[in-house]
Amino acid sequence: MRTWAEINLDNLSHNVGMVRELSGGKEILGVIKANAYGMGAVEYARELAESGVKILGVACYEEACELRAAGIEEEILIFGCIPPEHVGTAIEKKFHLTINSMEEIDFLEKNSYYPKVHVKVDTGMGRVGFTMEQALEAIDYIRENNIGDLQGIYTHLSVADDPTEDVYTLEQMEKFRTFEGFEGIKYIHILNSCGSIRFGDKTYSTHVRPGILLQGIVPYDSKLQSEFKYVFELKTRILYMKKLEEEAYISYGKSYRGNEGDVIATLPVGYADGFNRKFSNGGSVMIKGHKCPVVGKVCMDMTMVKIPRELVPEVRVGTEVTLIGSDIAAKAEEIGTIPYEIMTGVGRRVSRCYIKGGKIVKIKSLVEVERNI
Ligand SMILES: *Cc1c(COP(=O)(O)O)cnc(C)c1O
């Protein structure tokens with residue numbers, strides 16, 4: 001394999017257990033949108049189902065269809081807006097749809113559609129959803145006119161990861177309290193990853209909605225990080241090595257000049273694989289426990305690193321390299337982004353290598369579309 005994402009499903013299942021414990025025993029709605037943050041929605045769905053998760057969340061209709069086509073039978077909620085042209089099939093496939101506006105209710109009514117629905121309330125995220133008053137009206141209207149099977153009511157927190165903004169988060173939760181006591185609603189949910197571990201005891205919601213926590217990443221500075229296990233690591237192997245015979249420029253743009261005697265390794269990974277170009281001259285990778293600096297610009301398909309002198313005798317072409325591992329949060333911060341963006345940026349030609357029971361059980365790559373081992 002050239003460059004691969006190692007995905008540890010044992011750790012995923014460990015993280016499910018941790019979320020259960022820390023959220024006060026609430027049920028889990030497992031968020032696996034964007035291909036489970038780039039790591040494989042179908043594999044995550046299967047593992048989550050095995051761990052007892054009964055409902056999954058995705059961003060759009062197409063993602064929900066991918067799961068059904070793979071034989072996933074769990075409940076699936078689509079967070080995005082109702083896709084008018086797909087509502088018919090969405091109902092056949094038993095998807096739960098999110099209702100964000102009165103127009104969507106009108107649309108269902110006019111077409112006599114009767115999907116499972118969750119009403120989305122905007123308590124302060126400012127993205128989609130009804131205001132409080134509108135939501136109360138919408139719920140009444142849906143119930144009185146029997147438009148759709150009202151299964152859920154939910155809202156989304158915008159700063160649950162920032163303790164300095166807890167007043168705002170608590171206000172959001174206070175607003176949502178109105179809906180917590182609603183009779184006959186199976187799914188009342190509000191807490192994302194940070195919400196689940198920070199405010200589990202502050203709501204009576206039935207479900208939590210973690211995404212990044214399932215990946216083992218605690219998205220705020222917390223001792224709890226050590227209780228979770230990282231699911232994802234991006235790895236590669238050294239492709240080529242050279243010792244500079246004289247001062248020489250490395251990579252595009254002559255932005256780095258190496259000295260005579262420097263040992264430079266070329267790695268088969270570039271920004272097209274999700275190794276961000278902002279790691280040029282400043283980023284680093286780990287080889288046999290040593291930090292090796294990226295030298296020169298990260299290219300589309302290759303990246304050069306300098307091998308520290310003490311490490312030189314231990315490395316050769318083929319030596320394994322960890323590009324991104326348990327340092328993902330720090331790496332993201334270095335380049336002004338968040339772990340979510342690093343994960344979802346992992347490219348298509350990076351093989352996904354799944355580990356379960358301590359062994360590699362499956363590899364998904366461009367050449368072997370799916371291989372069970
Ligand atoms: C992405 C998303 C989540 C999960 O967010 P995390 O920060 O990864 O826990 C939960 N709910 C909704 C509506 C989302 O869009």
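Because the structure is a prediction, the values reported are computed rather than measured.

## Concerning the overall build of the chain
Argument step 1. Within the chain, the secondary structure is distributed over 11 helices and 21 strands.
Argument step 2. Its C-alpha atoms give the chain principal-axis dimensions of about 80 × 45 × 40 Å.
Argument step 3. The buried share of the chain, reckoned over its 373 residues, is 52%.
Argument step 4. Here the analysis covers contacts within the chain between residues at least 6 apart in sequence; of these, 62% occur between residues at least 24 apart.
Argument step 5. Carbon and sulfur atoms provide 50% of the accessible area of the chain, an area that totals close to 16,900 Å².

## A word on helix 4 (residues 61-69)
Note on helix geometry: an α-helix contains 3.6 residues per turn, so any two residues three or four positions apart are oriented the same way.
Argument step 1. Burial in helix 4 covers these residues: Tyr61, Glu63, Ala64, Cys65, Leu67 and Arg68.
Argument step 2. At its buried positions, helix 4 is contacted by helix 2 (33-37), helix 3 (41-50), strand 3 (55-58), strand 4 (75-78), helix 5 (87-92) and strand 5 (95-99).
Argument step 3. Backbone geometry just after helix 4 places Gly71 at a positive phi near 90°.

## As for the packing of aromatic side chains
Argument step 1. Under the definition given, this model contains 7 aromatic pairs.
Argument step 2. Seen in terms of ring centroids, Phe176 and Phe179 are 5.5 Å apart; in terms of plane orientation they differ by 40°. Their pairing is tilted. One end of the pair, Phe176, and the other, Phe179, are both in helix 8 (residues 166-180), 3 residues apart, so they sit about a helical turn from each other.

## Section: the environment of Gln172
Argument step 1. Tracing the chain through its elements places Gln172 in helix 8.
Argument step 2. For the pair formed by Gln172 and Ser222, sequence separation is 50 residues and the distance between their alpha carbons is 22 Å.
Argument step 3. Other than its neighbours up to four places away in sequence, Gln172 contacts Thr123, Gly124, Met125, His156, Leu157 and Ser158.

## Focus on the nonpolar core
Argument step 1. Within the largest apolar cluster, 104 residues are counted, with the highest numbers of intra-cluster contacts made by Ile32, Leu67 and Ile287.
Argument step 2. Once you skip the residues sitting within four places of it in the chain, Ile287 turns out to touch Ile238, Cys292, Val305, Ile307, Leu311, Val315, Thr319, Glu320 and Val321.

## Side note on the pairing of strand 1 (residues 3-8)
Argument step 1. Burial runs high along strand 1: 6 of the 6 residues are buried.
Argument step 2. Residues of strand 1 alternate between two faces, with Thr3, Ala5 and Ile7 on one and Trp4, Glu6 and Asn8 on the opposite face, all of them buried.
Argument step 3. Bridging between strand 1 and strand 10 (residues 232-237) involves 5 bridges; their strand directions are antiparallel. The residue of strand 10 that forms the bridge with Trp4 is Lys235.

## What to know about helix 6 (residues 102-110)
Argument step 1. Among the residues of helix 6, those classed as buried are Glu104, Ile105 and Leu108. Projected onto a plane normal to the axis of helix 6, the buried residues spread over an arc of 100° and lie on a single side. Along helix 6, exposed side chains directed more than 90 degrees from the buried face belong to Glu103 and Lys110.
Argument step 2. Within two residues after helix 6, Ser112 carries a phi angle of roughly 50°, on the positive side.

## Notes on the environment of Thr303
Argument step 1. Looking at the element boundaries, Thr303 is found in strand 17 (residues 303-307).
Argument step 2. With 32 residues separating them in the primary sequence, Thr303 and Tyr271 have C-alpha atoms 8.8 Å apart.
Argument step 3. Leave out the neighbours within four places in its chain, and Thr303 touches Ala265, Thr266, Leu267, Val269, Gly270, Phe275, Val294 and Val298.
Argument step 4. Here the side chain of Thr303 touches Val269 through a polar contact of 2.7 Å, landing on its backbone oxygen.

## Quick notes on the site of the ligand
Argument step 1. Close contacts around the ligand come from 13 residues, with Lys33, Tyr37, Ser193, Arg209 and Tyr340 the closest.
Argument step 2. Contacts to the ligand include Tyr37, whose side-chain N or O atom sits 2.5 Å from an oxygen atom.
Argument step 3. In this structure, Ser193 approaches the ligand through a side-chain N or O atom, which is 2.5 Å from an oxygen atom.
Argument step 4. Its residues assigned to classes, the shell around the ligand comprises 6 nonpolar, 4 polar and 3 charged.

## What about the pairing of strand 17?
Argument step 1. Among the 5 residues of strand 17, 4 are classified as buried, and the element is accordingly described as predominantly covered.
Argument step 2. One ladder, built from 5 bridges, connects strand 14 (residues 263-267) with strand 17; its direction is antiparallel. Bridge pairing in strand 17 places Ala265 opposite Val305.

## Examining the pattern of salt bridges
Argument step 1. The tally for this structure, following the rule as stated, stands at 19 salt bridges.
Argument step 2. Notably, a salt bridge pairs Arg237 with Glu320, separated by 3.9 Å at the nearest N-O pair. Placement of Arg237 in strand 10 and of Glu320 in strand 18 (residues 320-324) is noted, with a sequence separation of 83 residues between them.
Argument step 3. Taking relative accessible area as the criterion, Glu320 reaches 34% and is therefore assigned partly exposed.
Argument step 4. When salt bridges with common partners are traced through the structure, they connect Glu6, Glu233, Lys235, Arg237 and Glu320 into a single cluster.

## Section: the packing of helix 6 against helix 7 (residues 132-145)
Argument step 1. Running from N to C, helix 6 and helix 7 cross one another at 10°; their axes reach a closest spacing of 11 Å. Relative to helix 7, the element helix 6 lies roughly parallel. For the pair helix 6 and helix 7, the contacting residues are Met102, Ile105 and Glu109 in the first and Ala138, Tyr141, Ile142 and Asn145 in the second.
Argument step 2. Considering only residue class, the contact of helix 6 with helix 7 consists of 5 nonpolar, 1 polar and 1 charged.

## Focus: the sheet that holds strand 5
Argument step 1. Pairing in this closed barrel of 8 strands is parallel, and the strands run 2-3-4-5-6-7-8-9 around the ring.
Argument step 2. Judged from the 5 bridges that link them, strand 6 (residues 116-120) and strand 7 (residues 149-154) form a sheet pairing that is parallel. Within the sheet, the bridge partner assigned to Val117 lies in strand 7 and is Leu150.
Argument step 3. Sheet strands in contact with helix 7 are strand 5, strand 6 and strand 7, and its direction is about 165° off that of strand 7.

Conventions and cut-offs
Residues numbered from 1 in each chain as written. Predicted model: local features only at pLDDT ≥ 70, side-chain atom pairs only at ≥ 80, totals over all residues. Heavy atoms only, no water. Helix = DSSP H or I, 4+ residues; strand = E, 2+ residues; numbered from the N terminus. Buried < 20%, exposed > 50% of the residue type's maximum accessible area, 1.4 Å probe, protein only. Contact = heavy atoms within 4.5 Å. Areas by Shrake-Rupley, 256 points an atom, 1.4 Å probe, with all protein chains shown as cover. Phe/Tyr/Trp six-rings, centres within 6.5 Å; stacked < 30°, edge-to-face > 60°. Core = buried A, V, L, I, M, F, W, Y, C linked by side-chain atoms within 4.5 Å. Pairing = 2+ DSSP bridges. Arc of directions from axis to C-beta. Polar contact = N/O pair within 3.5 Å; in protein donor to acceptor, adjacent residues only side chain to side chain. Near = heavy atom within 4 Å. Nonpolar A, V, L, I, M, F, W, Y, C, P; charged D, E, K, R; others polar. Salt bridge = Lys/Arg side-chain N within 4 Å of Asp/Glu carboxyl O. Axes fitted to C-alpha atoms, helices over the stretch in contact; angles between N-to-C directions. Parallel < 35°, antiparallel > 145°, perpendicular 65-115°, else oblique.

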